[in-house]
Every structure is written in structure tokens, then in C-alpha cells.
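The residues making up each chain are set out below.
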Amino acid sequence: MKHPQVRQVISMHESPSYEEIQAIFLNHHVPASAAEAHGTLAGLLCVDGRLDCGQWLNAVFGEDKAGLAPDERASCETLCKRTREQLDAFDFSFELYLPDDDHPMTDRARALGEWCQGFLYGLGYKLGGSDWPGECREVLDDILQLSRLDAEHADETDEEAYAELTEFVRAGVQLVRSEFEQNASPQLH
């Protein structure tokens with residue numbers, strides 16, 4: 001059974017809702033959540049800011065990408081383009097793509113852990129792996145710990161801690177993106 005259709009028109013500056021993207025993933029039996037897929041996208045964009053949205057769609061949907069309805073594809077591409085704009089702006093406008101506050105804390109905490117897993121996957125990060133630029137390694141080690149978050153013990157009283165963790169990850173991603181951007185720039189002597 002297909003889930004409700006995604007709205008047809010999305011403003012260029014508005015990302016589709018988490019629920020819209022999650023419904024698309026469910027329609028196409030994508031094993032990743034919208035949070036994990038967005039984390040992967042953010043990781044890929046940190047490494048290569050020129051990444052084509054089609055490459056991300058291939059990673060998420062595989063061969064089923066051809067089965068996306070035009071409005072589904074447009075919603076996913078809008079999310080990709082908006083994420084790139086936010087990361088390129090370096091103005092702290094970047095937002096993690098997570099369920100809204102009206103979802104139970106266990107769902108939001110689980111999604112945060114999945115987002116972190118996806119981000120590390122998109123970067124190709126492995127503990128003890130490559131030399132990472134600047135302060136990236138410390139931040140990435142912390143994000144790795146958050147990817148193992150035990151969401152089953154989260155409750156509504158953890159709201160402040162959840163907000164602090166999402167802010168830490170958001171700032172960490174911007175730091176990682178900045179470090180990769182600086183290392184990709186030609187050095188003037």
C-alpha cells in the first residue's frame with residue numbers, strides 16, 4: 001500500500017517535511033530512515049560540496065530510483081539542494097533533518113543516532129582511520145559515540161539534553177564542512 005502523496009509544489013527555500021520524505025522511503029522500501037539518509041547526504045556534501053543530487057539518490061534508492069514519481073523525486077532533490085545551500089552558507093543555518101518535537105522522545109533520540117550513523121557513513125569515517133583535518137577527528141569520535149545512543153531509555157524529561165546534543169552535532173557538522181573546505185582550497189604562499 002502506498003503512503004499519501006507528497007505535495008506537488010515546494011518553495012525553493014523550503015525543505016519537504018520529515019514525514020514527507022519518510023513516506024517516500026516507506027513507499028519504496030528504503031531500509032534507511034529519512035534521518036539516516038539526510039546524515040549520509042550531509043557527510044557526502046562535507047567531503048564534496050559539488051556532489052550531484054542524483055548520486056545521493058542512487059545511494060539511497062539504488063535501482064528503485066527509476067521508480068520514483070516526479071513529485072517524489074522533486075521532493076528528494078529539493079532536500080538535497082536545500083541541504084547543500086545550508087552547508088555552503090557557513091551561516092549556521094544548517095539543520096539536522098529529524099522528526100518534529102511532537103514525536104515521542106524515543107523516536108527523536110533514535111533518529112538522532114541514525115542521523116549520526118548516516119553522517120559517518122557519508123564521510124567514510126572509521127575510528128582510527130585516516131588523518132582528518134583540523135579538529136575533525138575529535139568531533140567525529142563524539143558523533144560516533146552519539147550514533148550508539150540508546151534511545152529506548154529516553155523520555156520527555158530529556159528534552160534539554162536532546163536539544164544540546166542536536167546543537168552539538170549541528171555545530172560539529174559545520175566545523176567538519178569548514179575544515180574540508182579549507183583543506184580543499186589552494187594554499188597561497
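Heads up: these notes are all about the structure in this document. (Residues numbered from 1 in each chain as written. Predicted model: local features only at pLDDT ≥ 70, side-chain atom pairs only at ≥ 80, totals over all residues. Heavy atoms only, no water.)

**What to know about the packing of aromatic side chains**
- Following the criterion strictly, the structure yields four aromatic pairs and no others.
- Each ring, one from Tyr18 and one from Tyr97, has its centre 5.6 Å from the other, and the planes form 50 degrees; the classification is tilted. Of this pair, Tyr18 sits in helix 1 (residues 18-27) while Tyr97 is found in the loop between helix 4 (70-89) and helix 5 (105-123), placing the two residues 79 residues apart along the sequence.
- Of the residues examined, Tyr97 reaches a relative accessible area of 10% and is grouped as buried.
- Considering the side-chain rings of Phe25 and Phe61, the 5.5 Å spacing of their centres and the 90 degrees angle between planes classify their relative orientation as edge-to-face. In this pair, Phe25 is assigned in helix 1 and Phe61 in helix 3 (residues 53-61), connecting sequence segments 36 residues apart.
- Look at Phe25 and you get buried, because its relative accessible area is 1%.
- These aromatic residues form a ring-pair network of at least three members: Phe94, Trp115 and Phe119.
- The ring of Tyr162 has Arg108 sitting right over it, with the charged end atom 5.1 Å from the ring centre. (Phe/Tyr/Trp six-rings, centres within 6.5 Å; stacked < 30°, edge-to-face > 60°. Helix = DSSP H or I, 4+ residues; strand = E, 2+ residues; numbered from the N terminus. Buried < 20%, exposed > 50% of the residue type's maximum accessible area, 1.4 Å probe, protein only. Lys NZ or Arg CZ within 6 Å of the ring centre and 35° of its normal.)

**Some remarks on the state of the cysteines**
- All told, the structure shown has one disulfide when counted by the stated rule.
- Here Cys53 pairs with Cys80 through a disulfide, and the sulfurs are 2.4 Å apart. Because the sign of the S-S torsion sets the handedness, a value of about -95 degrees for the bond joining Cys53 and Cys80 places this disulfide among the left-handed ones. Here the residue Cys53 occupies a position in helix 3, and Cys80 occupies one in helix 4, the gap between them amounting to 27 residues. One exposure class covers both Cys53 and Cys80, and it is buried. (Disulfide = S-S within 2.5 Å.)

**Describing helix 6 (residues 136-146)**
- Along helix 6, the residues that are buried comprise Cys136, Val139, Leu140, Ile143, Leu144 and Leu146. Looking straight down helix 6, one finds its buried side chains confined to an arc of 155 degrees; they lie on one side. (Arc of directions from axis to C-beta.)

**Side note on the pattern of salt bridges**
- Enumeration over the complete set of coordinates arrives at eight salt bridges.
- Glu181 is paired through a salt bridge with Arg177; the nearest N and O atoms lie 2.7 Å apart. Taken as a pair, Glu181 and Arg177 lie in helix 7 (residues 159-184) at a separation of four residues, close to a single helical turn.
- Owing to a relative accessible area of 32%, Glu181 belongs among the partly exposed residues under this scheme. (Salt bridge = Lys/Arg side-chain N within 4 Å of Asp/Glu carboxyl O.)

**Quick notes on unusual backbone geometry**
- Backbone geometry places His29, a non-glycine residue, at a positive phi of 55 degrees.
- Among the secondary structure elements, His29 is positioned in the loop between helix 1 and helix 2 (34-47).
- Accessibility expressed as a relative area gives 71% for His29, which makes it exposed.

**Topic: the packing of helix 1 against helix 4**
- Relative orientation of the contacting elements helix 1 and helix 4 amounts to 130 degrees, with a least axis distance of 10 Å. Between helix 1 and helix 4, the crossing angle belongs to the class labelled oblique. Viewed along their axes, helix 1 and helix 4 form a crossing whose handedness is left-handed. Across the interface between the two elements, Ile21, Ile24 and Asn27 from helix 1 touch Glu72, Ser75, Cys76 and Leu79 from helix 4.
- When its residues are assigned to classes, the contact of helix 1 with helix 4 shows four nonpolar, two polar and one charged. (Axes fitted to C-alpha atoms, helices over the stretch in contact; angles between N-to-C directions. Parallel < 35°, antiparallel > 145°, perpendicular 65-115°, else oblique. Left-handed = near helix turned anticlockwise from the far one by under 90°. Contact = heavy atoms within 4.5 Å. Nonpolar A, V, L, I, M, F, W, Y, C, P; charged D, E, K, R; others polar.)

**Thoughts on the nonpolar core**
- Counting residues in hydrophobic clusters, the biggest one holds 51 residues, and the most contacted among them are Trp56, Phe61, Trp115, Phe119, Leu140 and Val176.
- At the level of elements, helix 1, helix 2, helix 3, helix 4, helix 5, helix 6 and helix 7 are the ones that each hand at least two residues to this core.
- Broken down by element, the residue count for this core peaks at nine residues, all from helix 5. (Core = buried A, V, L, I, M, F, W, Y, C linked by side-chain atoms within 4.5 Å.)

**What about the environment of Ala42?**
- In this fold, Ala42 is placed in helix 2.
- For Ala42, a relative accessible area of 0% gives the class buried.
- C-alpha of Ala42 to C-alpha of Leu120: the two residues are 78 residues apart in sequence and 9.3 Å apart in space.
- Not counting residues within four places of it along the chain, the set of residues in contact with Ala42 comprises Leu87, Phe94, Trp115 and Phe119.

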